[in-house]
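What the coordinates show
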Protein chains: 2
Amino acid sequence: MVGVLTLEEIESGLFRGISRDVTTIRVFGGQVAAQSLVAAGRTVRPDRPVHSLHAYFLLPGDPAQPIVYQVERTRDGRSFSTRRVVATQRGQAIFSLSASFHRPEEGPAHQAPWAQSAASPPDPGESGDEPGRTSAGNHSFPIEVRPVRAPLADPADPRQQSWIRADGALPDDPLIHVCVLAYASDLGLLAAALPPHGLSPLSGEVMMASLDHAMWFHQPFRADDWLYYANESPIASGARALARGEVYDRAGRLVASVVQEGLVRRVGPG
Amino acid sequence: MVGVLTLEEIESGLFRGISRDVTTIRVFGGQVAAQSLVAAGRTVRPDRPVHSLHAYFLLPGDPAQPIVYQVERTRDGRSFSTRRVVATQRGQAIFSLSASFHRPEEGPAHQAPWAQSAASPPDPGESGDEPGRTSAGNHSFPIEVRPVRAPLADPADPRQQSWIRADGALPDDPLIHVCVLAYASDLGLLAAALPPHGLSPLSGEVMMASLDHAMWFHQPFRADDWLYYANESPIASGARALARGEVYDRAGRLVASVVQEGLVRRVGPG
């Protein structure tokens, strides 16, 4: 996981990254988002953690080619820094991301009650019994994912929950933990839109593609410890679905919020 | 309202707008967002409606100066067009926005149940009895806002609801309706974060500023008919609050979703 977040610095604000898995047809979107955030973060003073990102997926990436990340220093203010990153391959923009960084401040704090408080993280003994890597379609990911299945859940309910974490220990740099979560948060989020339609992501009846990705990081967390990822899709319309995610740590602290819109097209017969 | 959305085209992709109310200290954020979206939309073929935007507020705007909007044509694909707009004053970027446009397509459709189904829009007879313009602080807005007060609501609950609409008839151009909602959606959204702390936006105890703004437009709507705007703040931490909004039409169709993060600083004694 850490290898994929290590970018070569070609020039100030200009980076190059390679894809983790070159056997897939397209680069995994979460990887481009995470590498873009690494590039942005490396141009910002380290005492300003990232607190949000907003990104658009423009073209599928080719995993056999390096990806170049160009950082625009949009603004450095007294409390906030803003960056924009454009990821390109063969002269074409494949992805753009804006991110904001904020020097730590105190302020009023509240959090909505944790509806999932009955859930508990996977048994420590379990982790050795299952493969550490998750695969979906042709991809394999350096993220452990344990779906949480509510016994009485309506199978048509556009909600899903899982415990997730990096498949190994991570260095302490907080930016790495945020980038790993950016990577992991793109995994399966849109699938929350499928249950109302009796569709499965691997059925071949549906083509899905992430259109955008937005995240807000509310408090520090570790991505190599279990995080509870709750997803829901409030709406699909016009071949687009909206999906929301909330990320809690073991203590029930809301550490990040995610929103993604995706293209959802029926394909095949009928 | 329509006047503020009329921009002067200086060159292809380069526009200039003026502020509606030059007596305020800062330009209203919703106005810059709406004007940016007009600029982006004018560079996209009209058969591709806008379906999302992601923006950062960078610096306060000066209402006495025109604002220049420069559009980058990020990509025109087979189904989607993407644009980025940077708004500047005196050579400094004050706001940046990315937006995506999608040719209409059919696809699987669902919507979460409308929890507010008991609410009904203001009585048609009411509209003549109240001033059409809403004011907050030093600002006045060309938007009618009717707060909905639940009789048994917890005063510390970080949720608020209102009916909103433009204060006059709008032309049929769908982009205008989206821009009016982008304008209106910035009005009071962050105030949903204050009830848990016993704070009021006008009390002088708190300084609030929008940091970003994201919107997804799920289906066509009219902004000169009543829209139900439900806001909530799931979290505040580190002097930043997250607020979410959902916009329904009279029929209970979810027409747009909004997420905004804002700076919330305690000020004054204590």
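Cut-offs applied
- Residues numbered from 1 in each chain as written.
- Chains lettered and ligands numbered in written order.
- Predicted model: local features only at pLDDT ≥ 70, side-chain atom pairs only at ≥ 80, totals over all residues.
- Heavy atoms only, no water.
- Helix = DSSP H or I, 4+ residues; strand = E, 2+ residues; numbered from the N terminus.
- Rg over C-alpha atoms; globule rule 2.2 N^0.38 Å.
- Buried < 20%, exposed > 50% of the residue type's maximum accessible area, 1.4 Å probe, protein only.
- Contact = heavy atoms within 4.5 Å.
- Lys, Arg positive; Asp, Glu negative; His and termini not counted.
- Charge placed at Lys NZ, Arg CZ, Asp CG, Glu CD.
- Axes fitted to C-alpha atoms, helices over the stretch in contact; angles between N-to-C directions.
- Parallel < 35°, antiparallel > 145°, perpendicular 65-115°, else oblique.
- Left-handed = near helix turned anticlockwise from the far one by under 90°.
- Nonpolar A, V, L, I, M, F, W, Y, C, P; charged D, E, K, R; others polar.
- Buried area = accessible area lost by both parts, 1.4 Å probe.
- Salt bridge = Lys/Arg side-chain N within 4 Å of Asp/Glu carboxyl O.
- Polar contact = N/O pair within 3.5 Å; in protein donor to acceptor, adjacent residues only side chain to side chain.
- Pairing = 2+ DSSP bridges.
- Least-squares fit on C-alpha atoms with pLDDT ≥ 70 in both.
- Expected span 1.5 Å × (residues − 1).
- pLDDT = per-residue confidence, 0-100.
- Phe/Tyr/Trp six-rings, centres within 6.5 Å; stacked < 30°, edge-to-face > 60°.

This brings us to the overall build of chain A. A tally of regular secondary structure across chain A gives 2 helices and 16 strands. Relative to a compact globule of 270 residues, whose C-alpha radius of gyration would be 18 Å, chain A shows 18 Å and is just as compact. Looking at chain A as a whole, 56% of its 270 residues are labelled buried. When contacts within chain A are restricted to residue pairs at least 6 apart in sequence, those whose partners lie at least 24 apart make up 68%. Each charge class in chain A was averaged separately, 25 positive and 29 negative side chains, and the resulting centres sit 6 Å apart.

What follows concerns the environment of A184 of chain A. All names here are of chain A. Within the element layout of this structure, A184 appears in helix α2 (residues 174-185). A relative accessible area of 5% places A184 in the buried class. Measuring from C-alpha to C-alpha, the distance between A184 and F95 comes to 17 Å, with 89 residues separating the pair along the chain. Not counting residues up to four positions away in its chain, the partners in contact with A184 are I143, I164 and Y229.

We now examine the packing of helix α1 (residues 29-41) of chain A against α2 of chain A. Residues and elements named next belong to chain A. Two elements in contact, α1 and α2, have axes whose closest approach is 7 Å; the angle formed by their N-to-C orientations is 155°. Relative to α2, the element α1 is oriented roughly antiparallel. Seen from above, α1 lies across α2 with right-handed handedness. Side by side, α1 and α2 meet where G30, Q31, A34, L37, V38 and G41 of the first sit next to L175, V178, C179, A182 and Y183 of the second. Its residues assigned to classes, the contact of α1 with α2 comprises 8 nonpolar, 3 polar and no charged.

Taken together, the contact pairs 59 residues of chain A with 58 residues of chain B. For chain A, the biggest contributors to the area lost against chain B are Y56, P108 and H110 of chain A; these three give 16% of the whole. In this structure, the connection of chain A to chain B is made through 6 salt bridges. Across the pair R244 of chain A and E246 of chain B runs a salt bridge whose closest N-O atoms are separated by 3.1 Å. At the junction of chain A and chain B, the tally comes to 33 residue pairs in polar contact (both at pLDDT 80 or more). Counting residues per element, the side of chain A that touches chain B draws most heavily on strand β16 (residues 254-266) of chain A, at 8 residues. Split by residue class, the side of chain A that touches chain B holds 26 nonpolar, 20 polar and 13 charged. Two elements, strand β7 (residues 110-111) of chain A and strand β14 (residues 227-237) of chain B, share 2 bridges in a ladder whose sense is antiparallel. Each residue of the ladder has a partner; that of Q111 of chain A, found in β14 of chain B, is I235 of chain B.

Moving on, we get to the environment of D249 of chain A. Residues and elements named next belong to chain A. Locating D249 in the fold gives a position in strand β15 (residues 240-249). Linking D249 and F221, residues 28 residues apart in sequence, is a C-alpha distance of 7.2 Å. Ignoring any residue separated from it by four or fewer positions in sequence, one finds D249 in contact with W114, W226, L227 and V255. Reaching out from D249, the side chain makes a polar contact with the backbone nitrogen of A251 at a distance of 3.0 Å. Only 2.4 Å separates the side chain of D249 from the side chain of R253, close enough to count as a polar contact.

Screw-axis analysis of chain A against chain B gives a translation of 0.0 Å along the axis, an RMSD of 0.0 Å, and a rotation angle of 180°. Expressed as a symmetry operation, the mapping of one chain copy onto the other fits a two-fold axis. Considering only C-alpha atoms, the residue of chain A closest to the rotation axis is H54 of chain A, which sits at 3.2 Å. Interface overlap between copies: 98% of the residues of chain A at the interface are likewise at the interface in chain B, consistent with a symmetric, same-surface contact.

A complete count under the given rule lists 34 salt bridges over all chains for this structure. In this structure, the salt-bridge partner of E8 of chain B is R16 of chain B, at a minimum N-O distance of 3.0 Å. Of the residues examined, R16 of chain B reaches a relative accessible area of 34% and is grouped as partly exposed. Overlapping salt bridges, with partners in common, bring together E144, R146 and R165 of chain A in one network.

Residues and elements named next belong to chain A. The end-to-end C-alpha separation of α2 is 16 Å, in line with the 16 Å expected for 12 residues at 1.5 Å each. With respect to burial, α2 is a largely interior element, 11 of its 12 residues being buried. Listed in full, the buried residues belonging to α2 are L175, I176, H177, V178, C179, V180, L181, A182, Y183, A184 and S185. At the N-terminal end of α2, a side-chain oxygen is found 3.0 Å from the backbone nitrogen of L175, two or three residues along, and the residue is D173.

Turning our attention to the confidence of the model for chain A. Averaged over every residue, the pLDDT of chain A is 90; residues scoring 70 or more account for 91%. For this predicted complex, the interface confidence reaches an ipTM of 0.94, while the overall pTM sits at 0.94.

What follows is about the pairing of strand β5 (residues 80-89) of chain B. Residue and element names in this part refer to chain B. Of all 10 residues that make up β5, 8 are buried, and the element is covered over most of its length. Relative to β5, strand β4 (residues 67-76) runs antiparallel, the two being bridged by 8 bridges. By the bridge assignment, R75 is partnered in β5 with T82. Connecting the antiparallel pair β4 and β5 is a turn made up of 3 residues. Pairing of β5 with strand β6 (residues 92-102) involves 10 bridges; the strand directions are antiparallel.

A word on the packing of aromatic side chains. Residue and element names in this part refer to chain B. Applying the stated criterion across every chain, the model contains 10 aromatic pairs over all chains. Each ring, one from W163 and one from Y228, has its centre 5.1 Å from the other, and the planes form 75°; the classification is edge-to-face. With W163 in strand β11 (residues 159-166) and Y228 in strand β14, the pair connects residues that are 65 residues apart, well separated along the chain. Given a relative accessible area of 3%, Y228 falls into the buried group.

The first and last C-alpha atoms of helix α1 (residues 29-41) of chain B sit 18 Å apart over 13 residues, in line with the 18 Å expected at 1.5 Å per residue. α1 of chain B sits mainly inside the fold: 13 of its 13 residues count as buried.

Let's shift gears to unusual backbone geometry. Phi is positive for R90 of chain A, close to 50°, though the residue is something other than glycine. With respect to the helices and strands, R90 of chain A occurs in the loop between β5 (80-89) and β6 (92-102). On the accessibility criterion, R90 of chain A (63% relative accessible area) is exposed. For A239 of chain B, which is not a glycine, the phi torsion comes out positive at approximately 70°. Tracing the backbone through its elements, the reader meets A239 of chain B in the loop between β14 and β15 (240-249). The exposure class of A239 of chain B is buried, given its relative accessible area of 1%.

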